[in-house]
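Take a look at the letters that make up each chain.
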Amino acid sequence: MALALKKLASAGVAHQLLPAAGALLPGLGAAASQLQARRTKMSHSEATNTFILEALEHLEYPKRLRKLLLTPEREVAVELALLRDNGEVATFNAYRVQHDNSRGPYKGGLRFHPQVDLDDVRSLASLMTWKTAVMDIPFGGAKGGVTVDPNELSERELEILTRKLVQALRPILGTYEDIPAPDMNTGAREMAWIFDEYTKFAGFSPGIVTGKPVWLHGSLGREAATGRGTVFAIRELLAAQGLGEIKNKSFVIQGFGNVGSWAAQILHEMGGRVVAVSDAFGAVANEHGLQIPDLRAHVADRHSLASFAGGVVIPKESVLTVPCDVLIPAAIGGVIDEDNARDLQCKIVAEAANGPTTPEGDAILRERGITVLPDIFTNGGGVTVSFFEWVQNLQNFKWSEDEVNAKLDRVMREAFEAIWELHTEDKIPLRTAAFVKALQRVTRARVHRGFD
Ligand code: NAD
């Protein structure tokens, strides 16, 4: 109890909440362990809530706060109708979930993927709330997505679908309200369409979306930011654990899109050996280290990853179990679970993807002594440089790439120090420490703003 009260005090909310301390949650621990004990596959939002519940158990906040922190503030589901190039009409489900805006405008990416559903988006929106809080940048959390395989659409169809999404969500978006960004299968091209479509209605509004092309109000350093931040996160952990530098360490990366390929490039530049990478279609390995610049050029030329001559083809499913110092999942959620967590052969899992480890998988990694750098910190470089882009847009100013990268480095270091301190002092896993820190910051804002 003393520890819990200390945590409340450090969140700056003790004086407002302590009168209700008698109502501290008896049922919370039971709820968390019930969820954890469940053998059926959890939905993504159940998995995210399991991690939050565990951190809340540590904090022992009053029960009335728990529901508030877990429940999204707004969920919007729309159907987008598209006249296809072949004359047929197709419809697509799309979602935007706004989880929390206590600390600033809602912020979060837009994902185009066939597996997108409301539960998925709900979980990702919640993760954004905790991520912006861990990184200590003044945004809340949101996420959006369209249930579509973009590979099945022409560029014209994709553009119309993106513009229709803006038309449908326009009432809830805004430069100071809700600011989308790229996520899986969306990038600078889609963000430019969003900027243009929104500007038609609201006038010149570059700050409505981040991740725009550099020549269209985007920020230098944004494209590489999530991968770069991931590398900074790994560098900090290696140093804190006394394991040395990135140089000569071995890395395996699942996913070779924006995040995975930039992480690979920066690790390679720092002397790390990237020994295997995969994407949705295949995987390639080289125990001496892949020549990442050549591999990136090969993929950019629209060749498949697996046809790269500088490595051997391996089954893409086996990439997670290739021996290495650091495994970086940088693709989809839920890939490390109770079925494969025992087979991983790494010392560190650095979660560049959102939600790559299920609670069951996480429990096994903890038992095995594998350190997990949690997603809400590890991939926070993306939203951090999105924040920098937004600030530059508001100022009508442009920072140099070195300036952006140096500021990103400082934010990543400070976020790491905050969670490492909790991790070592309270002997809790880094993931729990990150959620505790985030919950403290969000709760403090919520409580101090008041509830009227
Ligand atoms: P992307 O679309 O650019 O790349 C995704 C990559 O994952 C592709 O190479 C794809 O082929 C691969 N992939 C998909 N399914 C796979 C599978 N089953 N096995 C192996 N590889 C698979 O997406 P991205 O922007 O690089 O995002 C990757 C992850 O990082 C997502 O979880 C996303 O939410 C997270 N993330 C992205 C950003 C960002 O700034 N882009 C920020 C924070 C978090």
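Residues numbered from 1 in each chain as written. Predicted model: local features only at pLDDT ≥ 70, side-chain atom pairs only at ≥ 80, totals over all residues. Heavy atoms only, no water.

S.K.: Before we move on, can you summarise the UniProt feature "binding site: substrate" (unreviewed entry) in the protein chain with the specific residues and values?
M.R.: Taking the numbering used here, the UniProt-annotated feature "binding site: substrate" (unreviewed entry) corresponds to Lys-107, Lys-131 and Ser-386. For the annotated residues, spread through 280 residues, the largest C-alpha to C-alpha distance comes to 12.8 Å, consistent with a single compact locus. Structurally, Lys-107 can be placed in strand β3 (residues 106–113). Under the relative-accessibility criterion, Lys-107 is labelled buried at 0%. Structurally, the position occupied by Lys-131 is in helix α6 (residues 118–134). Excluding residues within four positions of it along the chain, Lys-131 makes contact with Asn-354, Asp-375, Ile-376, Asn-379, Gly-380 and Val-383. (UniProt positions renumbered as here; feature names shortened; annotations may be inferred. Helix = DSSP H or I, 4+ residues; strand = E, 2+ residues; numbered from the N terminus. Buried < 20%, exposed > 50% of the residue type's maximum accessible area, 1.4 Å probe, protein only. Contact = heavy atoms within 4.5 Å.)

S.K.: So what's going on with helix α7 (residues 155–169)? Residues and values would help.
M.R.: Between the first and last C-alpha of α7 there are 21 Å, a value that for 15 residues agrees with the 21 Å anticipated at 1.5 Å per step. For α7, every residue scored as buried is listed here: Glu-157, Leu-158, Leu-161, Thr-162, Arg-163, Leu-165, Val-166 and Leu-169. Each element contacted by the buried residues of α7 is listed here: β1 (74–83), β2 (89–100), β3, β4 (141–147) and α8 (188–202). (Expected span 1.5 Å × (residues − 1).)

S.K.: Outline the domain arrangement of the protein chain, listing residues and values.
M.R.: Here the protein chain is described as being made up of domain 1 (72–209) and domain 2 (220–447). Centre-to-centre, using C-alpha coordinates, domain 1 lies 23 Å away from domain 2. If you look at the interface, domain 1 gives 34 residues, while domain 2 gives 31 residues. Between domain 1 and domain 2, a total of about 2,600 Å² is buried, with carbon and sulfur atoms accounting for 71% of that surface. On inspection of domain 1 and its partner domain 2, the count reaches two salt bridges. The salt bridge involving Arg-446 is made with Glu-73; its shortest N-O contact spans 2.2 Å. Applying the counting criterion to the domain 1 and domain 2 interface returns eight residue pairs in polar contact (both at pLDDT 80 or more). At the level of elements, β3, α6 and β5 (178–182) are the ones that each hand at least two residues to the side of domain 1 that touches domain 2. For the side of domain 1 that touches domain 2, the element with the highest residue contribution is α6, accounting for nine residues. (Domains from an automatic or database assignment. Buried area = accessible area lost by both parts, 1.4 Å probe. Salt bridge = Lys/Arg side-chain N within 4 Å of Asp/Glu carboxyl O. Polar contact = N/O pair within 3.5 Å; in protein donor to acceptor, adjacent residues only side chain to side chain.)

S.K.: Quick rundown of the side chain of His-99? Include the residues and the values.
M.R.: Mapped onto the secondary structure, His-99 falls in strand β2. At a separation of 3.2 Å, a polar atom in the side chain of His-99 contacts the main-chain carbonyl oxygen of Leu-69. In contact with His-99, not counting residues within four places along its chain, are Leu-69, Leu-70, Thr-71, Pro-72, Glu-73, Tyr-106, Ala-125, Ser-126, Thr-129, Trp-130, Gly-141 and Ala-142.

S.K.: Lay out the site of the ligand with the relevant residues and their values.
M.R.: Every one of the 22 residues lining the ligand counts as a neighbour, but Arg-111, Asp-183, Thr-226, Ala-331 and Asn-354 are closest to it. One of the backbone nitrogen or oxygen atoms of Val-259 is found 2.9 Å away from an oxygen atom of the ligand. Looking at the shell around the ligand, the elements that each hand over two or more residues are α9 (222–240) and α10 (258–269). Looking at side-chain class alone, the shell around the ligand contains nine nonpolar, nine polar and four charged residues. When residues of the shell around the ligand are assigned to domains, at least three map to each of domain 1 (72–209) and domain 2 (220–447). (Near = heavy atom within 4 Å. Nonpolar A, V, L, I, M, F, W, Y, C, P; charged D, E, K, R; others polar.)

S.K.: So what's going on with the sheet that holds strand β12 (residues 371–373)? Residues and values would help.
M.R.: Read across the sheet, seven strands follow the order β9-β8-β7-β6-β10-β11-β12 without closing on themselves; strand pairing throughout is mixed. Edge positions in the sheet fall to β9 (312–314) and β12, since each of these pairs with one other strand and no more. Geometrically, the sheet is characterised by an average inter-axis angle of 25 degrees between neighbouring strands, direction not taken into account. Pairing of strand β11 (residues 348–350) with β12, which is carried by three bridges, proceeds in the parallel orientation. The partner of Val-349 across the bridge, within β12, is Val-372. (Pairing = 2+ DSSP bridges. Axes fitted to C-alpha atoms, helices over the stretch in contact; angles between N-to-C directions.)

S.K.: Can you break down the nonpolar core residue by residue, with the values?
M.R.: Residues Ile-328 and Phe-377 are the most contacted members of the largest nonpolar core, which totals 80 residues. Here the element with the most residues in this core is helix α15 (residues 401–426); it accounts for nine residues. Both domain 1 (72–209) and domain 2 (220–447) contribute no fewer than three residues apiece to this core. If you look at the next biggest cluster of nonpolar residues, it comprises 26 residues, including Phe-92, Val-148, Leu-173 and Ile-194. (Core = buried A, V, L, I, M, F, W, Y, C linked by side-chain atoms within 4.5 Å.)

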